[in-house]
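Residue-level structure breakdown
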Amino acid sequence: MRSVLTTLYQTAGVLSAVLIAAICLLISAQIVLNGLGRLMPGALPSTIPSYADFAGFMLAGSTFLAMAYTLRSGGHIRVNLMVQRLPARLALACEALSLILAIIFVGTALWFSTALVLESLHYGDVSNGIIPVSLWIPQSVMAFGIALLLIALLHTLTDLVLTRRSVLATPDEV
């Protein structure tokens, strides 16, 4: 099960990176079109329709898809100044408490983001750019990323309880 989850986190991380690369390509293409439009007016279209909307959707998707991978690889910012000075058992209790609180918050976010997707589907919400995009599509990616983060938090809490040591600590933490 652990290898399946690790593969899922890594796949989401790769998809996140692909979305960032797609944003770079989209914005670069728009810049090139702007430049060519000034050099040769009328030869090419000077804008990619709804490019800002698409870039925003990809940025949101990239952000939410990367969260579980970032958590499991120890990339989230953690403040260890106080926890480092606590006895080992109390430090573990603090980490468990923070994971439980995070599970509650992320679970609530998942509940409301899923409700948002269902509402967008129900009402047929679309973006208001030149190219209308059904909003449930980018919202579904967001909800999936939040669900994956919730799974990663539960996975981390389970590992913490089973191993009785911090799972997220990395040697370079300060």
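As a starting point, this report considers the structure included with it. None of the values given here were measured: they were computed from a predicted structure. (Residues numbered from 1 in each chain as written. Predicted model: local features only at pLDDT ≥ 70, side-chain atom pairs only at ≥ 80, totals over all residues. Heavy atoms only, no water.)

1. Observations regarding the packing of helix 3 (residues 88-123) against helix 4 (residues 136-163)
The line we're drawing: Lines are fitted to the C-alpha atoms to define the axes, a helix being fitted only along its stretch in contact, and any angle between axes, read from their N-to-C directions, falls within 0 to 180 degrees. Each helix is a run of DSSP H or I of at least 4 residues and each strand a run of E of at least 2, with the numbering of both proceeding from the N terminus. Angular relationships are summarised with four words: roughly parallel below 35 degrees, roughly antiparallel beyond 145, roughly perpendicular across 65 to 115, and oblique for the angles in between. If you view the pair so one helix is near and one far, a crossing is left-handed when the near helix is turned anticlockwise from the far one by less than a right angle, and right-handed when it is turned clockwise. Basically, the charged four are Asp, Glu, Lys and Arg, the nonpolar ten are Ala, Val, Leu, Ile, Met, Phe, Trp, Tyr, Cys and Pro, and anything else, Gly included, counts as polar.
Packing of helix 3 against helix 4 brings their axes to within 9 Å, and their N-to-C directions diverge by 160°. When the axis of helix 3 is compared with that of helix 4, the two are roughly antiparallel. Considering the relative orientation of helix 3 and helix 4, their crossing is left-handed. A class-by-class count of the residues in the contact of helix 3 with helix 4 yields 23 nonpolar, 7 polar and 1 charged.

2. What to know about the environment of glycine 35
As for its position among the elements, glycine 35 is in helix 1 (residues 2-39). C-alpha of glycine 35 to C-alpha of serine 46: the two residues are 11 residues apart in sequence and 8.2 Å apart in space.

3. Quick look at the pattern of salt bridges
Formally: The term salt bridge refers to a pairing of a side-chain nitrogen on Lys or Arg with a carboxyl oxygen on Asp or Glu at a separation within 4 Å. Only protein chains enter the calculation, and the probe is 1.4 Å; a residue is then buried if its accessible area is under 20% of its type maximum, exposed if over 50%, and partly exposed in between.
Scanning the entire structure with this criterion turns up 2 salt bridges. Here arginine 2 makes a salt bridge to aspartate 159, at a shortest N to O gap of 3.1 Å. You can see arginine 2 sitting in helix 1 and its partner aspartate 159 sitting in helix 4, a full 157 residues away along the chain. Aspartate 159 sits in the buried class, given a relative accessible area of 4%. Close ionic contact of aspartate 159 with arginine 72 constitutes a salt bridge, the shortest N to O distance being 2.9 Å. In this pair, aspartate 159 is assigned in helix 4 and arginine 72 in helix 2 (residues 51-72), connecting sequence segments 87 residues apart. Each of Arg2, Arg72 and Asp159 takes part in one network of salt bridges that share partners.

4. Some words on the packing of helix 1 against helix 4
Any two packed helices are characterised by the angle at which their axes cross and by the distance between the axes. We count it as follows: Contacts are assigned to residue pairs that have any heavy atoms within 4.5 Å of one another.
Put simply, helix 1 and helix 4 touch, their axes get as near as 11 Å, and they point 140° apart. In terms of orientation, helix 1 and helix 4 fall into the oblique class. Classified by chirality, the crossing of helix 4 by helix 1 is left-handed. Taken together, the residues of helix 4 that come into contact with helix 1 (itself represented by Arg2, Leu5, Leu8, Tyr9 and Ala12) are Phe144, Leu148, Ile151, Ala152, His155 and Asp159. Taken together, the residues of the contact of helix 1 with helix 4 sort by class into 8 nonpolar, 1 polar and 2 charged.

5. Remarks on the nonpolar core
Spelled out, the test is: To define a nonpolar core, start from buried Ala, Val, Leu, Ile, Met, Phe, Trp, Tyr and Cys residues and group those joined through side-chain atoms within 4.5 Å.
In terms of nonpolar packing, the biggest core is built from 22 residues, with Tyr9, Leu71, Val106, Ile146, Leu149, Leu153 and Leu157 touching the most fellow members. Within the residue set of this core, elements represented by two or more residues are helix 1, helix 2, helix 3 and helix 4. Among the elements that take part in this core, helix 4 stands out by supplying 9 residues, more than any other. Excluding its chain neighbours within four sequence positions, the residues that come into contact with leucine 71 are His76, Leu149, Ala152, Leu153, Thr156 and Leu168.

6. Section: a nonpolar patch on the surface
What counts here: Patch membership requires over 30% relative accessible area and the absence of a salt bridge. Like charges are linked within 9 Å, and nonpolar side chains (Val, Leu, Ile, Met, Phe, Trp, Tyr) within 5 Å. We get accessible surface area from the Shrake-Rupley algorithm with a probe of 1.4 Å; when it comes to residues, only the shown protein chains can shield them.
Taken together, Leu97, Ile100, Leu101, Ile104 and Phe105 make up a surface patch of nonpolar side chains, about 490 Å² in accessible area. By secondary structure assignment, the location of leucine 97 is in helix 3.

7. Looking at the environment of threonine 7
With respect to the helices and strands, the residue threonine 7 is situated in helix 1. In this structure threonine 7 comes out as partly exposed when scored by relative accessible area, which is 46%. Through-space distance from the C-alpha of threonine 7 to that of leucine 33 is 39 Å; in sequence the pair is 26 residues apart.

8. Examining helix 4
Definition in use: Each residue after the first adds 1.5 Å to the expected span of a helix.
Taking 1.5 Å per residue, 28 residues should reach 40 Å; helix 4 reaches 40 Å between its end C-alpha atoms and fits that length. Following helix 4 by one or two positions, arginine 164 has its phi on the positive side, about 55°.

9. Thoughts on unusual backbone geometry
Not every positive phi belongs to a glycine, and serine 50 is a case in point at roughly 60°. Relative to the helices and strands, serine 50 is located in the loop between helix 1 and helix 2. Phi is positive for arginine 164, which is not a glycine, with a value near 55°. By the secondary structure assignment, arginine 164 is in the segment after helix 4.

Remember that the coordinates give geometry; whether it matters functionally is a separate question.
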